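# Fold and geometry: a report
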Amino acid sequence: MTITTLDTPSATPLLDWYDRHHRDLPWRVTPGMAARGVKADPYHIWLSEVMLQQTTVQAVKPYFARFLERWPEVTDLAAAENDAVMAAWAGLGYYARARNLKKCAEAVAKEHGGIFPDTEEGLRSLPGIGDYTAAAVAAIAFNRQAAVMDGNVERVISRLYAIATPLPAAKPMMKEKVALMTPAARPGDFAQAMMDLGATICTPKRPACSLCPFRDACKALKLSDPEFFPVKAAKKEKPVRYGAAFIAVTDDGEILLRQRVASGLLGGMTEVPTTAWTARTDGETSAEAAPFDAAWQACGTVIHVFTHFELRLSIWRAAIAAKVGTNDGWWEPVTNLEAQALPTVMKKAIATAIPLAFKTSKG
DNA sequence: AATTCGTGGAT
DNA sequence: TATCCAAGAAT
């Protein structure tokens with residue numbers, strides 16, 4: 001029996017809605033499957049949750065399939081080469097996730113005998129697992145009564161209780177509401193139901209309130225303005241940074257690449273030689289900053305928007321007869337670029353200089 | 001507590 | 001076109 005108060009709506013209508021309208025996702029054990037005895041795989045749940053951090057379901061699906069095909073068990077991922085994991089993650093963004101994913105797999109393999117901890121606290125201590133992911137894995141994979149709160153849940157709760165306090169200040173209060181609502185029975189389904197509701201009904205724009213299992217309890221709907229919630233703090237404007245990137249290709253089709261430092265922006269990923277990315281446009285975006293002397297030709301500009309700044313990258317190209325000695329890079333056959341840990345901005349830069357470098361150019 | 005960290009689809 | 005923002009974590 002779930003304890004409810006005057007201000008705590010029952011989870012039952014939501015769970016009933018979930019039984020009928022849940023999304024079918026590759027990593028998910030649906031209520032129907034669970035009824036036939038299928039258990040969620042903690043490795044699958046963990047992998048999907050890390051990939052889904054600030055990332056859409058659509059973007060995650062092909063990556064999730066490739067990771068599982070290549071590394072079927074967490075011990076396989078633990079034994080993988082770092083470069084292989086980074087290359088497999090390339091394009092998904094937030095690359096610290098991939099670095100921590102590998103560390104977490106190694107910790108599970110070496111310190112936990114290949115078995116994921118089954119408590120929120122145990123999970124929370126692993127690399128790349130924060131408050132949300134620890135609660136999500138505990139609830140979904142281990143049926144723990146953990147309070148799961150992501151961006152979807154924040155939106156649902158903010159509307160359900162008409163919370164006018166701006167995010168992120170309102171998070172602690174909102175998490176208390178989630179904890180009070182989370183049932184002892186089916187806590188994992190409750191968490192997934194809240195997220196499905198936020199993704200399909202209680203959407204940021206034009207929520208489908210008439211279809212919502214909380215329509216009778218929702219305070220924002222009673223106020224006739226659900227879209228007003230959640231209130232968010234104003235965000236800063238994005239500065240513009242400038243730089244140059246240099247694509248050198250030999251006559252036998254090899255391109256000069258190098259590896260970025262292990263931490264920070266695009267940490268540990270592969271890049272073509274570039275200048276520093278700064279707020280100034282003079283000097284640093286010219287061929288004078290090239291890694292070596294050659295007949296560098298300007299061939300365009302790549303504009304790429306990161307989370308907190310916009311990058312305008314001048315692209316320079318040089319066709320050279322033979323490899324030039326390099327301290328910190330290597331020459332890679334252009335035909336092998338697909339296997340490299342190249343972030344999207346670097347693929348755009350290369351595609352600008354070598355239009356046929358990739359099968360699917362997103363530049 | 002405020003910043004830093006990618007990318008692409010939807011509106 | 002510009003803005004939002006998507007199953008957040010680390011520092």
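Being a predicted model, the structure only gives us computed values, none of them experimental.

Moving on, we come to the protein's contact with DNA strand C. Neighbouring residues of DNA strand C: 25 residues in total, closest E49, G128, T133, D150 and N152. Each atom of DNA strand C within 4 Å of the protein was classed as base or backbone; sugar and phosphate made up 62%. The separation between a phosphate oxygen of DNA strand C and a polar main-chain atom of D131 is 3.5 Å. Residue N152 places a side-chain N or O atom 2.5 Å away from a phosphate oxygen belonging to DNA strand C. A per-class count over the surface near DNA strand C returns 8 nonpolar, 9 polar and 8 charged.

What follows covers empty space enclosed by the protein. This structure, assessed with the given rule, holds 2 cavities of 30 Å³ or more. The calculated volume of the largest cavity comes to roughly 130 Å³. Along its surface, the largest cavity is lined by 15 residues, and R159, C202, C209, C212 and C218 are the ones closest to its centre. A volume near 40 Å³ is recorded for the second largest cavity. Taken together, A146, V148, V153, V178, T182, P187, F190, A191 and M194 make up the lining of the second largest cavity. With 4 residues, helix α12 (residues 187-200) is the largest single contributor of residues to the lining of the second largest cavity.

It is common to give the size of an interface as the accessible area that goes away when the parts come together. If you check the domain split of chain A, you get domain 1 (12-228) and domain 2 (240-353). Taking only C-alpha atoms, the centre of domain 1 and the centre of domain 2 are 36 Å apart. If you look at the interface, domain 1 gives 8 residues, while domain 2 gives 14 residues. For the pair domain 1 and domain 2, the summed buried area comes to about 700 Å², and 53% of that belongs to carbon and sulfur atoms.

What follows concerns the protein's contact with DNA strand B. Around DNA strand B, the structure places 21 residues, and the nearest of them are Y95, L266, H304, T307 and T344. Taking all atoms of DNA strand B within 4 Å of the protein, the share assigned to sugar and phosphate is 63%. For DNA strand B, a base nitrogen lies 2.3 Å from a polar atom in the side chain of T307. The set of elements that each furnish at least two residues to the surface near DNA strand B consists of β4 (297-305) and α14 (344-353). Of the residues belonging to the surface near DNA strand B, the class tally is 9 nonpolar, 10 polar and 2 charged.

The next thing to look at is the side chain of S158. Inspection of the secondary structure puts S158 in helix α10 (residues 151-160). The contact partners of S158, leaving out residues within four places of it in the chain, are I163, M174, F229 and P230.

The subject of this paragraph is the pairing of strand β5 (residues 310-320). Among the 11 residues that make up β5, 8 are buried, leaving the element largely enclosed by the rest of the structure. In this sheet, β5 lies alongside β4 in antiparallel orientation, the contact comprising 8 bridges. Opposite V305, over in β5, you have E310 as the bridge partner. Hairpin geometry of β4 and β5 is characterised by an intervening segment of 4 residues between the two adjacent antiparallel strands.

A few words on the packing of aromatic side chains. For the structure shown, the criterion picks out 10 aromatic pairs. Between R241 and the ring centre of F309, over which it is positioned, the NZ or CZ distance is 4.0 Å. Over the ring of W277 we find R260, and its NZ or CZ is 5.1 Å from the ring centre.

Cut-off values and rules
- Starting from 1, residues in each chain are numbered consecutively following that chain's sequence as written.
- Chain A is the first chain written and ligand 1 is the first ligand written, with later ones labelled in order.
- In keeping with the model being predicted, local features are shown solely for residues with a pLDDT of at least 70 and side-chain atom pairs are shown and tallied solely at 80 or more, while totals for entire chains, interfaces and linings include all residues.
- To obtain the side-chain values, all non-hydrogen atoms of the structure were used and water was disregarded.
- The nearness test applies per residue and asks whether one of its heavy atoms lies within 4 Å of the molecule or strand.
- By the criterion applied in these results, polar contacts are pairs of N or O atoms within 3.5 Å in which, for protein atoms, one can donate a hydrogen and the other can accept it, and in which residues neighboring in sequence qualify only through two side-chain atoms.
- Residue type decides the class: Asp, Glu, Lys and Arg count as charged, Ala, Val, Leu, Ile, Met, Phe, Trp, Tyr, Cys and Pro as nonpolar, and the leftover types, Gly among them, as polar.
- The way it works is a 1 Å grid over only the protein atoms, where trapped points that fit a 1.4 Å probe form a cavity and open points with protein on both sides within 12 Å along at least five of seven lines form a pocket, and then any residue with an atom within 4 Å of a point lines it.
- Grid points are joined across faces, edges and corners, and a volume is the space filled by probe spheres set on the points.
- Helix numbering and strand numbering both begin at the N terminus, where a helix is a DSSP run of H or I of at least 4 residues and a strand a DSSP run of E of at least 2.
- An automatic or database domain assignment is the source of the domain bounds shown.
- By definition, residues are in contact when any of their heavy atoms lie within 4.5 Å.
- Buried area: the sum, over both parts, of the accessible surface (1.4 Å probe) that disappears when the two are put together.
- The buried label goes to any residue with under 20% of its type's maximum accessible area, the exposed label to any with over 50%, and the partly exposed label to all in between, with areas taken from a 1.4 Å probe on protein chains only.
- Two strands pair if DSSP finds at least two bridges between them.
- Aromatic rings from Phe, Tyr and Trp, with only the six-membered ring used for Trp, were paired whenever their centres fell within 6.5 Å, and each pair was classed as stacked if the ring planes differed by under 30 degrees, edge-to-face if by over 60, and tilted otherwise.
- Charge over a ring is defined by NZ of Lys or CZ of Arg lying within 6 Å of the ring centre and within 35 degrees of the ring normal.

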